[in-house]
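# Architecture and fold: a report
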Amino acid sequence: MVTVRALRAKKGTAPITMLTAYDAPTARLIDEADIDIILVGDSMGNTALGYESTLPVTIDEMQSRTSAVARATTDALVVADMPFLSFGVDEAASIEHCGRMLKEADADAVKLESGPHTVELTERLVQLGIPVMAHLGLTPQRVKEVGYSRQGTDRDEAREILELAEAHAEAGAFSLVLEHIPANLAKQVTEAIDIPTIGIGAGAGCDGQVLVIDDVIGLSERAPPFARQFGDVKSEMEKAIEGYRDAVTGGEFPADEHSHVESDLDKLY
Ligand code: KIV
Ligand code: NA
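Residues numbered from 1 in each chain as written. Chains lettered and ligands numbered in written order. Predicted model: local features only at pLDDT ≥ 70, side-chain atom pairs only at ≥ 80, totals over all residues.

Once that is clear, we can look at the nonpolar core. By size, the foremost hydrophobic cluster in this structure holds 66 residues, and its most contacted members are Ile37, Ile38, Val40, Val79, Ala107 and Val110. Element by element, the count of residues in this core is highest for helix 7 (residues 155-171), at 5 residues. Once residues within four sequence positions are removed from consideration, Ile37 is found in contact with Val2, Ile16, Met18, Ala76, Leu77 and Val79. (Core = buried A, V, L, I, M, F, W, Y, C linked by C-beta atoms within 7 Å. Buried ≥ 20, exposed ≤ 12 C-beta atoms within 10 Å, placed from the backbone. Helix = DSSP H or I, 4+ residues; strand = E, 2+ residues; numbered from the N terminus. Contact = placed C-beta atoms within 7 Å.)

Once that is clear, we can look at the UniProt feature "binding site: 3-methyl-2-oxobutanoate" (unreviewed entry) in the protein chain. Look at the UniProt record and you will see "binding site: 3-methyl-2-oxobutanoate" (unreviewed entry) annotated at Asp42, Ser43, Asp81 and Lys111. In three dimensions, the annotated residues from a span of 70 residues occupy one location, with a maximal C-alpha spread of 12.4 Å. By secondary structure assignment, the location of Asp81 is in strand 3 (residues 77-81). Owing to 27 C-beta atoms within 10 Å, Asp81 belongs among the buried residues under this scheme. Taking the number of C-beta atoms within 10 Å as the measure of exposure, Lys111 has 27 and is therefore buried. (UniProt positions renumbered as here; feature names shortened; annotations may be inferred.)

On to the site of ligand 1. Near ligand 1 you find Thr20, Leu39, Gly41, Asp42, Ser43, Asp81, Val177, Glu179, Ile200, Val210 and Val212, and these make up its full shell. Counted by class, the shell around ligand 1 contains 5 nonpolar, 3 polar and 3 charged residues. (Near = placed C-beta within 6 Å. Nonpolar A, V, L, I, M, F, W, Y, C, P; charged D, E, K, R; others polar.)

With that settled, the discussion passes to the pairing of strand 3. For a regular strand, the rule is simple: side chains alternate between the two faces of the sheet. Most of strand 3 is tucked away, with 5 of its 5 residues classed as buried. Burial along strand 3 is two-sided: Leu77, Val79 and Asp81 facing one way and Val78 and Ala80 facing the other are all buried. Considered for its hand, the β-α-β crossover made up of strand 2 (residues 37-40), helix 3 (residues 59-72) and strand 3 is right-handed. Examined bridge by bridge, strand 3 and strand 4 (residues 109-113) share 3 bridges and lie parallel to one another. Within strand 4, the position partnered with Asp81 by the bridge is Lys111. Each parallel crossover has a hand, and the one from strand 3 via helix 4 (residues 91-103) to strand 4 is right-handed. (Right-handed = clockwise from strand over helix to strand, strands pointing away. Pairing = 2+ DSSP bridges.)

Our focus in this paragraph is the packing of helix 2 (residues 24-32) against helix 3. For the pair helix 2 and helix 3, interaxial distance at closest approach is 8 Å and the crossing angle is 40 degrees. Considering their axes alone, helix 2 and helix 3 lie oblique with respect to each other. Seen along the crossing, helix 2 lies across helix 3 with a hand that is right-handed. Counted together, Ala24, Ala27, Arg28 and Asp31 of helix 2 and Ala68, Val69, Arg71 and Ala72 of helix 3 form the full contact between these two elements. Of the residues assigned to the contact of helix 2 with helix 3, the class counts are 5 nonpolar, no polar and 3 charged. (Axes fitted to C-alpha atoms, helices over the stretch in contact; angles between N-to-C directions. Parallel < 35°, antiparallel > 145°, perpendicular 65-115°, else oblique. Left-handed = near helix turned anticlockwise from the far one by under 90°.)

What follows is about the UniProt feature "active site" (unreviewed entry) in the protein chain. Using the residue numbers shown here, the UniProt feature "active site" (unreviewed entry) corresponds to Glu179. Residue placement: Glu179 occurs in strand 6 (residues 175-179). Under the C-beta neighbour-count criterion, Glu179 is labelled buried, with 23 such atoms within 10 Å. In this structure, Glu179 is in contact with His135, Gly137, Leu138, Ile200, Gly201 and Ala202, ignoring residues within four places of it in sequence.

Strand order around the closed barrel formed by 8 strands is 1-2-3-4-5-6-7-8, with parallel pairing between neighbours. Taking each pair of neighbouring strands and ignoring which way they run, the sheet shows an average axis angle of 25 degrees. Here strand 5 (residues 132-137) runs beside strand 6; their pairing, made up of 5 bridges, is parallel. Across the sheet, the residue bridging to Gly137 is Glu179, located in strand 6.

Here helix 3 contains 14 residues, and its C-alpha end-to-end distance of 20 Å stays within 8% of the 20 Å for a straight helix at 1.5 Å per residue. Along helix 3, the positions that sit buried rather than exposed are Met62, Arg65, Thr66, Val69, Ala70 and Ala72. The arc enclosing the buried residues of helix 3, seen along the axis, measures out at 160 degrees, which places them on a common side. Buried residues in helix 3 make contact with helix 2, strand 2, strand 3 and helix 4. (Expected span 1.5 Å × (residues − 1). Arc of directions from axis to C-beta.)

Summarising the model, the protein chain shows a mean pLDDT of 97, and 100% of its residues fall at 70 or more. Predicted complex, confidence summary: ipTM 0.99, pTM 0.97. (pLDDT = per-residue confidence, 0-100.)

On to the environment of Ala48, then. Its location among the elements puts Ala48 in the loop between strand 2 and helix 3. In this structure the C-alpha to C-alpha distance between Ala48 and Ser220, which are 172 residues apart in sequence, comes to 9.8 Å.

Rendered as C-alpha cells:
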C-alpha cells in the first residue's frame, strides 16, 4: 500500500509515477500496473464529462468518480482533485468539501490548485488529518485569467512559484504538482523543498511525473504538446464499435452460441 509517508521517502530515491483515472476499470488497470498515485483529476471535465474546461466540475461529480476509483484500487494512493470554488472561499466549507472526499469517497488525500490563498488552508487540512497535494505553475482553474500558457517564464513569476512551493511544503503538503513551467525552474523548486515534486510539462528534473490517462492511451481529442501517447485505445474502440454495428446490421450477431432456446416455448400459438 502506498502511503503519503512512503511517497515522501521516495524523493531523491526513485521516480514517482502518477496517472489520472475517472472510473473503476481504468483505476483497476493503473493499480495493477503498480503506479504509485491515481489522481481523480478535475481534468475529468475535459475528458470523461465532455466540458470545455475544468470549471463546471462539481463536488458531487468529484465525489462520485473518486468513490469509483477508490473501490477499484488496492495499492495506489488515491488523490481527489478539489473542483473550482470548492475550496478557498470559506474555511469551514473548504474543510467540509475536502473531508467528504476522505469520509465518503475513501480518497487518501486531496489536491488543491495552490496560491497565496491556500497556504493557511493547507496547514489546517493537514492538522485535521487530510493530506494535501499542492499544485503550482499552470493551474487550469485560472483559465479565464491566464489561459493555458506556460507559467514562471520571467524572474518575478519564477520567484513567486519558488516561494509558494516553499510555503506549501512548510504548511505540510506531502507533495507538489508542477505544471507547464520551464524545466530549469522545476529543477530548482525540486532541489529547494523536501517534499516530492511531480511534473507535467515541467521537464525531467522533478521527483515524479503525471499525465492525463486519455493522453497516455490515445483517447483524447487533442493532447497538450508536453504529453506523450503510449497506446492507441481510440482505434481499438472504433474497431470494436464498428464491428458490433456491422455484425448486427449484417445478421451475424447474435449467432447460435449467443442465444438460448427454451424447449417449452416452442409452440405458443
Ligand atoms: O486534473 C488533472 O488531471 C491534473 C493533473 C494534470 C495534475 O490536475
Ligand atoms: Na486538475
